[in-house]
Amino acid sequence: MKAIFFRLVTALIVLVLACLAGFAGVSKEIELEYKQQYENRTVFLKQPIRGLEQTLHVRGNILVPDQSNLGSPLTFRVGEQVRVTKIDFKDSAIEFEVASTDLSRKAKYIFAFGQSLTHSFQGRPNFDSALDESFTQGLTYQDIDAAKEGYVRTQFSRQARQFTDTTGLAERDVMEAMLSENPIFNQLKTEHDQAQRRLATVEAQLKEETTTRGSLETEVREIRRQLTDEQNTNRTLRQERDQIAGRQATLQKELDQLKDANRKIQEQVESVAGNLNVQMNSNEQLGQQVSSLSETLEKLSKERNQLNTQVSSLSQELTGVRGERDRLTLDLDAAQRKVTSLQSNLSALTSNKDSLESKYVQVTQEKESLELAESLEESIVLRGRREPSDDGTQYVGDLFLLNQKVGNLVANVPDSPEIPVSATVTIDSPNTVQFSEEERHLYGALGDSVSVDLSWVSPSGNLEAVLVDGESLRSIAPREQAEWEWNLRGSPSGVEPMILKVQLINRDQHRIRVHEQDFEVGSAGLLTGLPQGFSLLSLGIGFVAGIVVLGVIASFRRGSKPGQRGGNSRRRYSASKEL
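Residues numbered from 1 in each chain as written. Predicted model: local features only at pLDDT ≥ 70, side-chain atom pairs only at ≥ 80, totals over all residues. Heavy atoms only, no water.

Now for the pairing of strand E7 (residues 93–100). In terms of residue burial, E7 counts as a mostly covered element, since 7 of its 8 residues are buried. Between the end of strand E6 (residues 81–89) and the start of E7, which pair antiparallel, lie 3 residues. Of the pairings in the sheet, the one linking E7 to strand E8 (residues 106–113) comprises 7 bridges and is antiparallel in character. Residue pairing for E8: alanine 99 is matched across the bridge by lysine 106. Where E7 folds back onto E8 in an antiparallel hairpin, the turn is made up of 5 residues, including leucine 103, whose phi is positive at roughly 60°. (Buried < 20%, exposed > 50% of the residue type's maximum accessible area, 1.4 Å probe, protein only. Helix = DSSP H or I, 4+ residues; strand = E, 2+ residues; numbered from the N terminus. Pairing = 2+ DSSP bridges.)

Structural data, given as structure tokens:
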């Protein structure tokens, strides 16, 4: 009876342990989430792997690589691209099996925890931080370089702390001792000292050039002031000359009027003299006529003398006006010659390309050009979206300059290298009357025709986009469009990103970055999702549970033989009778 009871208790314990094993560890939902995120994906390593496996101890939010395998050969370097082939959750560790892109090399990352993993995975933030310190997606070359640089810095700091602990020296002294053995550091230090000396020399030259420039600017300001004064004087002389010319015309008109009046008086005198021979009817009449004629002649003589005096005065005044006009003309010619001389001096100051003034003008123009290019890069944006098309899916984007639409982009989304990729850019002809002053200024900086540059970039380098015809840089006039077509070359091992870069070239030949759009090229295959929905741990637990159940059934069968059942029943009955 004791043996039967012991077997029953043992079976129950095994069954309970099997059931607990099914609930122990991280939940299936969390495992599935990590597997969907990393399995069969290509990443770049931030930690090297020596030998067949590399243990990484997760201690809180600190990741400590195991140093016991330092003598093993290096399997994967920092920054090398690998594919995560399998993720296995253990009792107190999580294993990442990685392989090279051609599957020729394989190794493991083992993230070891100090205690067993719980069902809700309470240490998940620390594990996510450890993953960030171990993997990078490497969408740009800067991410890969940053991973390598971060690993070097970490190892350098760790070695420095180790030397500090073993020698008792200050960390600063250890750093200086390590750097003094670095030939690159010594070379940089020498170059730094040389640069300091050159900087001192350049600063002295700059100070001298600044002093010279100050004196030249003072001279230029003085010349410009003199030029302004001469221009004002020239303007005044021209006004005076115009006034004298107008006065001369008036006097000439008056002189012509006086000459005409004198001519009329002479004609009247001659007419009177002719009538003297005609009017002789009587002495009385003749006397009266002679007396009247004498008075008329006397009056005419006085008027003629007055007119002669006025003519003489006007002639003298006209002579004076002509002399003043000639003097003003000479002064105006002298002022123009002086202005020409001042302009020549100013041109001579800025004509030398190596002079400080010429360099200042060139730097100012280049600065304005760069500021305009920066304003264009901040003001131009491509607002894109995915839309269904007859061939699948296409990417449609509208090009905006601040609040004004100036063009659009249509590109088919690449699915695999076998399908050609095409893109079309259309430049609108917007109503510039409705533009603001800033928008009109920026739109004019693009030029009469908009230069557009479309290109594809593969971060992994496994794919290459080759233009079918023409150049990637196209010049598009308003109301016109340009089309690009590429053939994708390469053999991606799975789904890999391809980046479409859209750039513009402004009137000053500065490159304006507008937009970068990521697309996924390649197919993961039919068997990609099997590891995500299939767990070897679950299979093992089910197999163990099945063996335990079969063991329990077999033990019951062995204990239920005919002879044993009768004896057991009698012993139970006799025990009951005694009680």
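Okay, the sheet that holds E7 next. Taken in spatial order, the 7 strands make up an open sheet running E4-E3-E8-E7-E6-E1-E9, and their pairing is mixed. Edge positions in the sheet fall to strand E4 (62–65) and strand E9 (135–136), since each has one partner strand and no second. Against the sheet, helix H2 (residues 28–38) engages E6, E7 and E9, with an angle of about 165° to E6. Each of strand E1 (42–45), strand E3 (53–59), E4, E7, E8 and E9 touches helix H3 (residues 124–134); the most contacted strand, E8, lies at about 145° to it. (Contact = heavy atoms within 4.5 Å. Axes fitted to C-alpha atoms, helices over the stretch in contact; angles between N-to-C directions.)

When the pLDDT values of the chain are averaged, the result is 80; 82% of them are 70 or greater. Element-level mean pLDDT values for the chain span from 39 in helix H10 (residues 530–533) up to 94 in E7. Below a pLDDT of 50 lies the segment residues 524–535, which in the model reaches 14 contacts outside its immediate sequence neighbourhood of four places, other chains included. Taken as a whole, residues 560–579 scores under 50 in pLDDT and shows 3 contacts with residues more than four places along the chain or in a different chain. (pLDDT = per-residue confidence, 0-100.)

Another point: the sheet that holds strand E16 (residues 473–476). By way of backbone hydrogen bonds, the strands of a sheet pair with one another, either parallel or antiparallel. Taken in spatial order, the 4 strands of this open sheet run E16-E14-E18-E19, and their pairing is antiparallel. Only two strands of the sheet have a single partner each, and these edge strands are E16 and strand E19 (511–521). When strand polarity is set aside, the average angle formed by the axes of neighbouring strands in this sheet is 20°. One ladder, built from 10 bridges, connects strand E18 (residues 496–505) with E19; its direction is antiparallel. Residue glutamate 496 lies in a different strand from E19, and its bridge partner there is valine 521.

A side chain of one charge can pair with a side chain of the opposite charge if their charged atoms are brought near each other. Counting across every chain of the model gives 19 salt bridges. The salt bridge involving glutamate 371 is made with lysine 367; its shortest N-O contact spans 2.5 Å. On the criterion of helical spacing, the pair formed by glutamate 371 and lysine 367 is a turn pair, its members being 4 residues apart in helix H8 (residues 356–379). With a closest N to O distance of 2.7 Å, arginine 511 and aspartate 453 form a salt bridge. Of the two residues, arginine 511 sits in strand E19 while aspartate 453 sits in strand E14 (residues 450–457), which places them 58 residues apart along the sequence. Here aspartate 453 falls in the buried class, since its relative accessible area comes to 8%. Beyond isolated ion pairs, a larger network of salt bridges with shared partners links Asp260, Arg263, Lys264 and Glu267. (Salt bridge = Lys/Arg side-chain N within 4 Å of Asp/Glu carboxyl O.)

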